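Observations on the model geometry
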Amino acid sequence: MSLDKATVARISRLARIATTEEEQERLAGELGGILAWVEQLGEVDTDGVEPMTSVVEMLLKSREDVVSDGGIADDVVRNAPKSAHGFFVVPKVVE
Amino acid sequence: MGITLEGATGTWEYVIGLEVHAQIISNSKLFSGASTEFGSEPNSQVSPVDAGMPGMLPVINLACIEQAVKTGLAINGEINLTSVFDRKNYFYPDLPQGYQISQFKQPVVTGGHIDIELEDGTQKRIGVERLHVEQDAGKSLHDQDPNASYVDLNRSGVGLMEIVSDPDMRSPEEAAAYVRKLRTIVRYAETCDGNMQEGSMRVDANVSVRKAGEEFGTRCEIKNLNSVRYMQRAIEFEAMRQIDVLEAGGKIDQQTRLFDVAKNETRSMRSKEEAHDYRYFPDPDLLPLRFEQAWVDEIAAGMPELPDAKMARFMKEFGLSAYDADVLVAEQENAHFYEHVAEGRDKKLAANWVISELFGQLNKAGKTVEDSPVSAEALGELIDLITDDTISGRIAKDVFADMFESGKAAGVIVEEKGLKQVTDTGAIEAVIDEVMAREPEKLAEYRGGKDKLFGFFIGQVMKASGGKANPKAVNELLKTKLQG
Amino acid sequence: MTDLTDLSIAQARDLLAKGDLSSKELTQAQVTSMEGKRELNAFITETPDKALEMAEASDTRRAKGETGKLEGIPVAIKDLFCTKDVLTTAGSHILDGFRPFYESSVTTNMFREGAVMLGKTNLDEFAMGSGNLTSYYGGAINPWRAKGDNRNLVPGGSSGGSASAVAGRMALGATGTDTGGSIRQPAAFTGIVGLKPTYGRCSRWGIVAFASSLDQAGPMTRSVRDSAIMLGAMAGHDPKDSTSADIAVPDFEEGLNGGVKGLTIGIPKEYRVDGMPEEIETLWQQGIKWLEEQGARTVEISLPHTKYALPAYYIVAPAEASSNLARYDGVKFGLRVESDDLTEMYEKTRAEGFGAEVKRRVLIGTYVLSAGYYDAYYLQAQKVRTRIADDFKQAWQQVDAILTPATPSAAFSADDPPSDPLAMYLNDVFTVPVNLAGLPGISVPAGLTGDGLPMGLQVIGKAFDEATVLRIGQSLEDAAGFDARPEGY
Ligand SMILES: [Mg+2]
Ligand SMILES: [Zn+2]
């Protein structure tokens, strides 16, 4: 599997990681190499095999429907690079 | 019955499918212990889980799943004993984890249907493809600052049910009927409060058009419609837009669009177009959700009577018309009020009073049965006064108006105003004699064979008695007296 | 009295219990050592004040007769665990300045049992790496050096800072996390014991997530007994983690000396890989002999899908990571590179905040999950994973535990590490299958290479059978009599 630069550009856009053309060039080679290597998984006969959903056999835990958290607005925003009046602040979203 | 659209090249038909996001009624969020209450200080109902803090993990609130199962049963769906939570990955400031926990391949409910009442009195069955459970996002405010958007995560992580219909609707009116019916159902099941203004129910409409009998066309999804009226307008606009494009020889791009209420138009949402590739995969922080059929059976056994069943009962057992029954069951509170009034009384009479008098007055006053100045007991008492001949139906309407105004009991008003019906034959005969004496010519005509004048005499007698004379007694006595 | 930095947890515990030592003295000795060995770059954040405060509080509790399992024991915490009000970086630029307002469940458990925190240890960025070379804060250094060679060696990764701190006598023990070998491989590279418990044994709540279905916290110590003690304090069911096992935590120390008599140990033939140094093979044979001499029976077994473990891992882990790391977006915490445009803010923040290896994995993960590729990559990898787990299940019909080398080589140079990412990934060839199957595994130092560098043996056990794993580990430790110590520092 080889990757082209356009594909690297597309996935870096999806992953929201800016990449320069040079980086895309380099990544195309690196990622292509890794993908070529993982493709050996195609050799394994997996007909009728269930994909792993959980390595431990147990039932999903659940919680009671009670309010046990919140009321910590100051904590919630205290690590934010930008906040105002208790809100997180981001560059204007235009829709 | 679908509505068709006349274009330059022929007749087009709407094809509409709806995705309704219904907020689950629960105390705490789907995966955290923060409160779901509406309208609080920003970020005050946020746990570190809801804020997507590093290392935080979701733990499911089973009450939300119970609500989804209830709703699934209420829309005749199949409850899946195993379902899976997936991550839907995209970047947006109100999505703090960078993904929404949702259900993609294995939802908790598959299939189902909702029957809607059409204007011509017939019913139509709308298929439901699935119901899945997912997290709500936070809220972005765009008008606080010219250069910035503010993000409040209080809604982040609140449990939603997404109910996806089949593309079975053929007019904006059918779509409206579907949304209203679904709203009625979830309110009956007490799984969602259906409050569209507060965003408890939001609709995404998938709209396409086709020439009658042809294959489905390419659809566009109009996002986040929060009123039935806007939804209808948006669908109408979008269909017209598509017809214009198609008739000009263009083709429809599958798009996510936004309805601009002020401009009354839909437009493409740039941000959603880019994020198309959601990279769904099972959330590794959660195991598959499994429960027993016995649990489902238990929930089914505890279900309240749903609108369809109630309507059928009103028609079959109470003898109500389909129209009356439909009006009464639309809101559970109304149906409840009616049943209270009707208990031990004439069902049809009760229905008439509730629908034409009470609802009429409430509508005018902009009130609901919950804040009605006339209680079910009070209305029942009024109806009793009619049934036992204390007052006539006509007088009762005046009494009701007074009750609505003053909040007084019917008996009190009748007493105070002396509205009791006169059934004493002597008193009625005296009035008849008086009228006959006053109208000798008419009497002669009647006696000469002009039967039609009987009505005139009835009217005169009733008028002379101030409407209080018992109409039946007047009728009988008048007949003999006029004969002479 | 012996050097206080040389004490094992068990020894310190006894001295503290007898009143021959205070936690404050013990802690002060570690703090001094930590501050004196900064060139090893084992810590990202030192918290000496907090440590001494906690030590004092411990001494006060002890005076009142209240003692926990780790009462007064100074330990180091991998900087992947969120610690309340203490900088938590995950070795990444993108978490600049992040001070959690919550404490991870594992550290909460340990502090409840009396542990004292010395600081936050260095790691590969977001735990992605096998050499401690991807940390934004520069790599930690292995206190060991090859004979007659002055070059710095890697301590392994990703829990390399913890390994370096424990091997370098700066802490009596340290927490690690292990997603594909990140406890066991650095333990082997630094001559200490590292235990990855069964998935679900230790809560993941409050640990910065790398790959959710694989991550597991565990102890790194200088003896098997110390690992048993520490695991007892770390483990336990946590209702805040849906994948935490609701299973009683046994007393792991009990039965530690029970020996291996009567046990059947599997020797998987697929763990003989091309290009594996002779010394590793020899060590493995030695291990087999030690166990046999102590009364165990060894049998050759087959784990036929072993060779597919690494490629499966390099799909599953990056896929999960690509999603887990989406929350680092410059909005709620950490680094933000400003821009007027939201998307550009995201892209610049993440380009600047993530290092090369993290980007590589996030991109691979994004790719394998993207439309049209999911079935071929992610789904197939998860099916292969089922096969790998089934291989182990098959083996448990026959054997009580499995013995393998911990790593295919000893520590390598920090200055010229393998430049090809794939060559780096091979470090985890023996450890990764254990994570994919969710099993417990321990690395025990068992010998030295000709260059005088430590090598480890790995014992793999059945799910939630850490007790047997530890017991076999103890037997290996006893037989190996490994008492070499790093001379480099
Ligand atoms: Mg939708
Ligand atoms: Zn949705």
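Source: prediction; values computed, not measured. Each residue is numbered by its place in its chain's sequence as written, counting from 1. Here the convention is simple: chains get letters from A, ligands get numbers from 1, in the order in which they are written. At least 70 in pLDDT is required for a residue's local features to be given in this predicted model, at least 80 for side-chain atom pairs to be given and counted, and no such filter applies to totals for whole chains, interfaces and linings, which use all residues. Note: side-chain values were computed over all heavy atoms of the structure, leaving out hydrogens and water.

1. Side note on the overall build of chain C
What chain C contains, in helices and strands, is 15 helices and 11 strands. The C-alpha extent of chain C, read off along each of the three principal axes, is 65 × 55 × 50 Å. The rule is simple: take the accessible area with a 1.4 Å probe, protein chains only, and divide by the maximum for that residue type; under 20% is buried, over 50% is exposed, in between is partly exposed. Going through the 489 residues of chain C one by one, you find that 70% of them count as buried. Only heavy atoms matter for contacts: two residues are in contact if any of them lie within 4.5 Å across the pair. Residue pairs at least 24 apart in sequence account for 77% of intrachain contacts in chain C once pairs closer than 6 positions are excluded. With an accessible surface of roughly 14,500 Å², chain C has 47% of that area assigned to carbon and sulfur atoms. In chain C, 47 positive and 63 negative side-chain charges are present, and the distance between their average locations comes to 3 Å. Labels follow the DSSP assignment, with helices taken as runs of H or I lasting at least four residues and strands as runs of E lasting at least two, numbered in each case from the N terminus. Each accessible area value is a Shrake-Rupley result obtained with a 1.4 Å probe; residue values ignore everything except the protein chains displayed when judging cover. Positive: Lys, Arg. Negative: Asp, Glu. His and the chain ends are not part of the count. Just so you know, the charge point we use is NZ for Lys, CZ for Arg, CG for Asp and CD for Glu.

2. Concerning the sheet that holds strand β18 (residues 281-282) of chain B
Residue and element names in this part refer to chain B. Reading across the sheet, the three strands line up as β7-β6-β18 and stay open at both edges, with antiparallel pairing between neighbours. Of all the strands in the sheet, just β7 (99-102) and β18 have a single pairing partner and so form its edges. Here a strand pair is declared whenever DSSP counts at least two bridges between the two strands. Of the pairings in the sheet, the one linking strand β6 (residues 86-89) to β7 comprises four bridges and is antiparallel in character. Considered in β7, the bridge of K88 is made with Q100.

3. Remarks on the coordination of the zinc ion (ligand 2)
Residues and elements named next belong to chain B. Water is not among the atoms examined, so metal sites may look incomplete; donors are the N, O and S atoms within 2.8 Å of the metal, or within 3.2 Å for Na, K and Ca. Coordination of the zinc ion (ligand 2) by the protein comes from H21 (NE2), E134 (OE) and E162 (OE), over a distance range of 1.9 to 2.1 Å. In primary sequence terms, the donor set of the zinc ion (ligand 2) follows H-x112-E-x27-E. In this model, the zinc ion (ligand 2) sits 4.4 Å from the magnesium ion (ligand 1). You can see H21 sitting in strand β2 (residues 10-23) and its partner E162 sitting in strand β13 (residues 159-165), a full 141 residues away along the chain. Exposure remark for H21: the relative accessible area of 12% places this residue in the buried category. On the basis of relative accessibility, which here comes to 9%, the residue E162 falls in the buried class.

4. Description of the interface of chain C and chain A
Contact residues are listed per partner, giving 70 residues for chain C and 54 residues for chain A. When chain C packs against chain A, the two sides together hide about 5,100 Å² of surface, and 69% of this comes from carbon and sulfur. By the criterion of area lost to chain A, the three top residues of chain C are F101, L363 and Y367 of chain C, representing 14% of everything that side buries. A pair is scored as a salt bridge if a Lys or Arg side-chain nitrogen falls within 4 Å of a carboxyl oxygen belonging to Asp or Glu. Put simply, chain C and chain A have four salt bridges between them. The partner of D85 of chain C in a salt bridge is R78 of chain A, and the shortest N-O contact between them spans 2.7 Å. Between N or O atoms, a polar contact is any pair within 3.5 Å; within protein, one atom must be a potential hydrogen donor and the other a potential acceptor, and residues adjacent in sequence are included only when both atoms are from side chains. Linking chain C with chain A are 20 residue pairs in polar contact (both at pLDDT 80 or more). Accessible area that two parts lose when put together, with a 1.4 Å probe and added across both, is what the buried area reports.

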